[in-house]
Amino acid sequence: MSFFGRNRHPRGQRRSPTPSRDPSADPSSPVSAGGNGRLSPGPGADKKKPLYLCSPFADAALVKGNFKTIVMQPKYVDIMEWVAVNIYDFFTNLNEFYGVIAEKCTSTTCPTMSAGPSLNYLWTNRDGKQVSLPAPTYVDYVVTSVQQLIDDENVFPNNANHTFHPSFPSTVKSIYRQLLRVFAHLYHAHFDVILHLRAEPHFNSLFAHFLAFGKEYQLLEVRDIKGEVNSPTVGVGQLWERWKERGILEGRSMTRAGQRNPKRSPTPTSATAEQPPIGSAPPSPNPSSLSLSASQNGGSRRSPSPSRQPKPLYLCSPFVDAALVKGNFKTIVMLPKYVDIMEWVAVNIFDFYTNLNEFYGVITDVCTQQTCPTMSAGHSLSYTWINQDRKSVHLPAPTYIDYVMTWVQNLLDDENSFPTKSGHDFPPSFPSTVKHVYRQLLRVFAHIYHAHFQHLLHLRSEPHFNSLFAHFLAFGREYDLLEIKDVKGANAPSAVGVGALWERWREMGILEG
């Protein structure tokens, strides 16, 4: 179905189909739970049920059933090593989630480290005094201190012949308590952002895993989660109780095992490439000096591959099959009755752009000019940008993506291009504009799959990213926003890059031709 030339129905006010958080009363009372913070109940708690306790969000999960088997210590693995590698993974994944919502967590929006309407955490400074800090400052202190501990060979030894310090158990208990507070703040203050990213299944599973592991190895006490004894359960303590009732959650002390094995992450990584170094993205150029690379000629350059390349991870099982949405996407993309087709396309493009931009925000530290010198989407496929002189130029991936995101954001903010008021009409050029937007967003998807899929695996968010991309492809084909050659490649004997993923999903019945 194409929306070009389609008769339009009267338009209503645009709204996002993604649920958002109802702003509750500002948390104001000091709280804490010992260590580097204090917990104390505050008066006048808001009784409104938070979103993360409401169905279906509270029940959303990637992992079904009880977490007991996941957290059990493997045979022949030293318990200290097992705890260390899991803490590293919890910290890394939580830090990546926080990177997604960092722009929303500011001193203005989060003036305290709140975890409930009556629960604020305090930080103990060097003088031993309890001080209230804005949430971003508190989280930065936590992340910085934990990163320094993980990087310290004396605390988290990496070499097989090094032993853990006797203080390791108490150190990791302190780390665990602080990471719990970051989880609690994200649930309380930013769960709406997680919903907009549609990542609540992963975040819930990550937190349930964290809680189960902490209880199994006595890294958390019940009061850390639920609050002080004889006090009403607050914040994520209510989530803990709900998951216990449902059998998702059910403690053993850390004792030394014999020989240590070398440390390794249980999270899958690319078998063909080393982890790229972390770097910073280049500064954004002036978007007014750009031209959109959306021409039919020479938008991408392909060179023949000298040898057979290994199969990319995103085409390997079980990753290619991972999804939040099972079945065919046809019903999801169909135009709802009485909804203007222009409006339907506009609001979906806004959501695709927003979600993709948030995913890119997670991996932006590893997408640099050094790691991604070209906008590559396959071993024989890289995209070029058409500059003001109408010349195709190669750009580093972060620069190319910054150009795309800046250009799309400017279009979305332009009332003449994407009108949001019911009295305004879409311009005649809207169909061609959104086709250009769609083609460029496809290229960003393609680059992330090619160059950064291992980072999505480490975040364990490949089910969401796959579902987002499948939705994007199905919608683009339904409304003629994408051509087959955009997806599979032009003048190629076989599909390259995400084109091979498109064909695989068609064979599986997820997408239609």
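Residues numbered from 1 in each chain as written. Predicted model: local features only at pLDDT ≥ 70, side-chain atom pairs only at ≥ 80, totals over all residues. Heavy atoms only, no water.

For the chain, the count of helices and strands is 14 helices and 11 strands. Working note: accessible area of the chain is about 23700 Å², and carbon and sulfur atoms make up 51% of it. (Helix = DSSP H or I, 4+ residues; strand = E, 2+ residues; numbered from the N terminus. Areas by Shrake-Rupley, 256 points an atom, 1.4 Å probe, with all protein chains shown as cover.)

What follows covers the pairing of strand 8 (residues 375–378). Here strand 8 runs beside strand 9 (residues 381–383); their pairing, made up of three bridges, is antiparallel. Residue Gly378 lies in a different strand from strand 9, and its bridge partner there is Leu381. Remark: two residues form the turn of the hairpin made by strand 8 and strand 9, two consecutive strands paired antiparallel. (Pairing = 2+ DSSP bridges.)

Here strand 3 (residues 113–116) pairs with strand 4 (residues 119–121) via three bridges, running antiparallel. Looking at the pairing, Ser114 lines up with Asn120 of strand 4. Linking two consecutive strands that pair antiparallel, namely strand 3 and strand 4, is a turn of two residues.

What follows is about the nonpolar core. Membership of the largest hydrophobic core comes to 147 residues, with the highest contact counts inside it found for Phe207, Phe210, Leu211, Phe469, Phe472, Leu473 and Trp505. In terms of residue count, helix 4 (residues 168–196) provides more of this core than any other element does, 16 residues in total. When residues no more than four places from it in sequence are discounted, the contact partners of Leu473 are Leu442, Leu482, Val487, Trp502, Trp505 and Leu511. (Core = buried A, V, L, I, M, F, W, Y, C linked by side-chain atoms within 4.5 Å. Buried < 20%, exposed > 50% of the residue type's maximum accessible area, 1.4 Å probe, protein only. Contact = heavy atoms within 4.5 Å.)

Quick look at the packing of aromatic side chains now. Evaluation of the coordinates by the stated rule reveals 44 aromatic pairs. Each ring, one from Phe475 and one from Tyr479, has its centre 4.6 Å from the other, and the planes form 45 degrees; the classification is tilted. Of the residues examined, Phe475 reaches a relative accessible area of 0% and is grouped as buried. With relative accessibility at 0%, the residue Tyr479 sits in the buried group. (Phe/Tyr/Trp six-rings, centres within 6.5 Å; stacked < 30°, edge-to-face > 60°.)

Turning our attention to the pattern of salt bridges. On inspection of all chains with the given rule, the structure shows seven salt bridges. Put simply, Lys330 and Glu478 hold a salt bridge, and the shortest N to O gap is 2.8 Å. With Lys330 in helix 8 (residues 330–333) and Glu478 in helix 12 (residues 462–478), the pair connects residues that are 148 residues apart, well separated along the chain. For Lys330, a relative accessible area of 32% gives the class partly exposed. Residue Glu478 is classed as buried on the basis of its relative accessible area of 8%. Glu483 serves as the salt-bridge partner of Lys435, at 3.8 Å between the closest nitrogen and oxygen. (Salt bridge = Lys/Arg side-chain N within 4 Å of Asp/Glu carboxyl O.)

Moving on, we come to unusual backbone geometry. In this structure, Pro318 follows Ser317 across a cis peptide bond, with omega equal to 5 degrees. Residue placement: Pro318 occurs in the loop between strand 7 (300–302) and helix 8. With a phi close to 55 degrees, Arg198 is a non-glycine residue in the positive phi region. One can find Arg198 in the loop between helix 4 and helix 5 (200–216). One non-glycine residue, Gln218, lies in the positive phi region at around 55 degrees.

On the surface, a nonpolar cluster with roughly 250 Å² of combined accessible area is contributed by Leu62, Leu324, Val325 and Ile332. Position of Val325 relative to the elements: it lies in the loop between strand 7 and helix 8. Take Val325: its relative accessible area is 31%, and that puts it in the partly exposed class. (Patch = residues over 30% accessible without salt bridge, like charges linked within 9 Å, V, L, I, M, F, W, Y side chains within 5 Å.)

Under the defined criterion, the tally for this structure stands at zero disulfides. Cysteine Cys110 shares no disulfide, and the gap to the nearest cysteine sulfur, in Cys105, comes to 3.9 Å. As a non-bridged cysteine, Cys367 has Cys372 as the owner of its nearest cysteine sulfur, 3.9 Å distant. A residue is classified by how much of its surface remains accessible, and Cys367, at 0% relative accessible area, is buried. (Disulfide = S-S within 2.5 Å.)

So, on to helix 2 (residues 79–101). Taking 1.5 Å per residue, 23 residues should reach 33 Å; helix 2 reaches 33 Å between its end C-alpha atoms and fits that length. The element helix 2 is largely enclosed, with a buried count of 20 among its 23 residues. (Expected span 1.5 Å × (residues − 1).)

To continue, consider the packing of helix 3 (residues 135–151) against helix 4. At their nearest, the axes of helix 3 and helix 4 sit 10 Å apart, and the two run at 145 degrees to each other. Judged by the sense of rotation from one axis to the other, the crossing of helix 3 with helix 4 is left-handed. Touching Ala135, Tyr138, Val139, Val142, Val146 and Leu149 of helix 3 are Thr171, Ile175, Gln178, Leu179, Arg181, Val182 and His185, all from helix 4. Of the residues contributing to the contact of helix 3 with helix 4, the split by class is nine nonpolar, three polar and one charged. (Axes fitted to C-alpha atoms, helices over the stretch in contact; angles between N-to-C directions. Left-handed = near helix turned anticlockwise from the far one by under 90°. Nonpolar A, V, L, I, M, F, W, Y, C, P; charged D, E, K, R; others polar.)

Turning next to the environment of Tyr360. Summarising the element assignment, Tyr360 is placed in helix 9 (residues 341–363). Considering only alpha carbons, one finds Tyr360 and His452, 92 residues apart in sequence, at a separation of 9.6 Å. Among all residues touching Tyr360, those that are not within four sequence positions of it are Cys367, Pro398, Ile401 and Ile448.

The next subject is the environment of His202. In this fold, His202 is placed in helix 5. For the pair His202 and Ala61, spaced 141 residues apart in the sequence, the C-alpha separation amounts to 6.1 Å. The residues touching His202, leaving out its near neighbours within four places in the chain, are Leu62, Phe97, Leu459 and Arg460. Within the structure, the side chain of His202 is placed 2.6 Å from the backbone oxygen of Leu459, a separation counted as a polar contact. (Polar contact = N/O pair within 3.5 Å; in protein donor to acceptor, adjacent residues only side chain to side chain.)

Attention now moves to helix 10 (residues 397–413). Here helix 10 contains 17 residues, and its C-alpha end-to-end distance of 24 Å stays within 8% of the 24 Å for a straight helix at 1.5 Å per residue. Burial of helix 10 is extensive: 12 of the 17 residues sit out of reach of the surface. For helix 10, every residue scored as buried is listed here: Ala397, Pro398, Thr399, Tyr400, Ile401, Tyr403, Val404, Met405, Thr406, Val408, Leu411 and Leu412. Residues of helix 10 that are buried sit in contact with helix 9, strand 8, strand 9, strand 10 (385–386) and helix 11 (430–458).

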